[in-house]
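# Fold and contact review
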Amino acid sequence: MNPASTTLDTKLSPAVPQGRRVPWLALGTGVGVLIVLFAIWPYQHWQFARRGSVLEGWYKVLTLADNAEWQFCLFVPFIVGFLVYRVRETLARLPIAGSWSGAVVLGLAVIAYWLGYKVDTGYLGFAALQLAVAGLVLLLAGTAWMRALFFPWLFLAFAWPFFPLDSLLAAKLKIPTAQIACQILSWTGVDVVREGSTVQSAANFATGLKQGAAFTFDVSDSCSGMRSLYALMMVGVLYGYLSLRRTGPRLLLAASTIPLAVAGNVFRLLMLAVGSLWFGQEFAVGRQVDGKQVDSAFHLLAGFMVFGVALAGMFGLATLLEGRHWNRLRLWAGSEENAATGVRLEERFNAALVKSGAAVALALAGIVLCWTTPTAPTLAEPGLKMELPAMVESYQSMQLTMTAKEASIFEPGVKLDRRVYGNGQRQILGTLVMSGPAKKSLHQPDICLPNQGWIIASTQEVPIAMKDGRFKKVTLMRVFRDQETSPGVRVRSWGLNIFWYEGSSGVSTPSYLMSNFISYRDAILFNLNHRWGMASYFMRLPDKELGVVDTDPLGELQAMDALMQFVSASLPAIVVD
């Protein structure tokens with residue numbers, strides 16, 4: 001054997017195990033940082049008495065019965081794992097050459113993590129985890145790894161439940177869905193009447209059928225297509241990535257999930273209308289039991305058809321965009337050859353060690369920031385006086401107490417004051433709710449009233465004049481519900497509800513979501529922790545029989561004007577100057 005060759009083999013032999021240490025060091029550091037920050041450190045209260053880690057709260061919140069529509073988020077990490085495994089051969093050939101740009105991204109993740117801990121919200125915790133994964137991949141493995149893992153990292157965002165999506169997007173699609181369904185029914189010769197998101201059969205004086213006698217149904221928030229928009233978006237993104245080749249068609253397929261969800265719900269409404277006309281409303285829609293809607297089996301089937309229509313639409317659109325795309329569906333990605341870096345293993349290991357130390361230091365900085373941040377809430381003075389006046393103009397009142405159901409739902413420390421006012425002609429129910437010291441827990445009339453059987457016909461923001469010349473923006477909501485008082489007699493009850501949210505230091509907003517945004521903004525920027533209160537005034541109008549000519553067409557407008565005047569007169573007694 002050549003002596004020179006023997007000497008060379010002896011010098012290079014230790015390099016093999018040393019080369020293996022680099023990926024294990026990067027993997028161990030990244031996983032360790034993620035476990036400490038997001039699986040161990042007590043981060044937020046969520047909906048519970050004690051603080052839990054980001055992942056603990058994520059799992060507990062998703063497994064609550066009220067959040068069943070979001071439980072698909074629990075499967076996203078497994079899908080991400082599959083997507084990473086799919087490119088394993090590519091990753092095996094990529095050099096591990098960390099980039100210091102990852103330290104910037106990881107630093108932003110630590111800042112988001114601390115801010116979320118400070119204001120006690122999980123959304124910033126989710127954002128911090130998403131950023132931390134990108135930062136760790138860049139810092140410990142490099143830009144080539146981030147390019148290869150970009151889609152799995154992006155897809156991870158579907159794991160985080162975004163509950164305001166119901167109000168921001170799904171709720172806004174209800175009216176267009178009902179409008180389209182009504183138009184299609186009209187084209188087919190079925191006369192319909194729409195009130196907000198509610199569709200009813202029109203009165204037929206020739207046959208003696210009154211309005212809503214043939215069918216009445218509503219595009220409610222609980223409709224599977226509306227509340228599952230996020231899940232449909234996830235399916236569209238994944239399907240496009242696996243089956244389509246070009247970026248443009250992939251983006252178009254993902255964007256199509258919103259109109260496809262609307263189309264699915266239109267199809268559902270048409271099924272309910274046709275089923276009611278052929279087999280009766282009780283068969284197609286369901287029946288009222290103790291004032292609550294009990295859906296029929298046909299109604300549940302129509303709900304599942306939303307997914308069928310949406311998925312069929314995705315398949316058809318993908319076929320239109322790229323032909324027989326299913327032949328190109330690849331569950332496993334091929335490998336890519338990469339040139340060696342030319343950097344000696346010893347230098348690579350030392351560089352990885354330094355970057356690993358930087359990742360650990362940033363994680364520890366986040367822990368120290370949270371540890372030194374006071375967790376006991378220091379609330380500002382509330383903006384509502386928690387005592388309704390006994391008399392407002394000509395209205396006398398009677399005190400009411402918190403119901404047993406409200407007491408079981410509210411967090412400890414929540415205060416409530418309620419009075420019913422009357423002047424012999426009209427009655428108004430006034431309610432003040434003050435959030436507890438630990439968590440914001442307030443009424444949301446746009447959720448509470450539908451849970452009581454009311455249907456929202458319209459919602460708008462209106463100004464209420466104050467005695468000092470200023471105006472307070474409030475939400476005016478028109479609601480109704482129908483009931484059969486006797487065989488063949490359907491009566492409609494209308495109600496008007498004015499409500500708003502009052503914070504500290506003269507801050508108020510007509511929107512619950514905006515009150516959350518203001519809370520986080522002011523806590524972060526001004527160290528101001530609002531003690532929020534909610535004021536609500538509800539007036540019920542006289543019942544009217546459906547299908548009968550309205551003898552008082554201006555009654556609702558007059559009642560609306562009376563309610564706004566009442567609220568204006570009560571403002572000085574309940575709002576802190």
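Above this text sits the structure in question.
Here goes a summary of the coordinates provided.

Calculation criteria
Residues numbered from 1 in each chain as written. Predicted model: local features only at pLDDT ≥ 70, side-chain atom pairs only at ≥ 80, totals over all residues. Heavy atoms only, no water. Pairing = 2+ DSSP bridges. Helix = DSSP H or I, 4+ residues; strand = E, 2+ residues; numbered from the N terminus. Axes fitted to C-alpha atoms, helices over the stretch in contact; angles between N-to-C directions. Contact = heavy atoms within 4.5 Å. Salt bridge = Lys/Arg side-chain N within 4 Å of Asp/Glu carboxyl O. Buried < 20%, exposed > 50% of the residue type's maximum accessible area, 1.4 Å probe, protein only.

### Description of the sheet that holds strand 1 (residues 192–195)
Across the sheet, which stays open at both edges, the three strands sit in the order 1-2-3 with antiparallel pairing between neighbours. The strands lining the two open edges of the sheet, one partner per strand, are strand 1 and strand 3 (216–218). Between one strand axis and the next, the sheet turns through 20 degrees on average, direction left out of account. Strand direction decides the pairing type here: strand 1 and strand 2 (residues 198–201), joined by four bridges, are antiparallel. Across the sheet, residue Glu195 finds its bridge partner in strand 2, namely Thr198. Across the sheet, helix 11 (residues 174–187) touches strand 1 and strand 2, and the angle it forms with strand 1 is around 170 degrees.

### Regarding the pattern of salt bridges
Pairs can form between side chains of opposite charge whenever their charged atoms are close. Taken as a whole and assessed by the stated rule, the structure comprises eight salt bridges. For Glu461, the salt bridge is made with Lys473, and the minimal N-O distance between the two is 4.0 Å. One end of the pair, Glu461, is in strand 10 (residues 455–465); the other, Lys473, is in strand 11 (residues 471–486), and twelve residues separate them in sequence. Residue Glu461 is classed as partly exposed on the basis of its relative accessible area of 48%. Note that Arg492 and Asp482 form a salt bridge whose closest N and O atoms lie 2.8 Å from each other. Of this pair, Arg492 sits in strand 12 (residues 489–502) while Asp482 sits in strand 11, and the two are ten residues apart along the sequence.

### Regarding unusual backbone geometry
Of note in this structure, Asp120 is not a glycine but carries a positive phi near 60 degrees. Note that Asp120 resides in the loop between helix 6 (101–119) and helix 7 (122–140). Here Ser505, not a glycine, exhibits a phi torsion of approximately 55 degrees, which is positive. The residue Ser505 is located in the loop between strand 12 and strand 13 (508–509) in this model.

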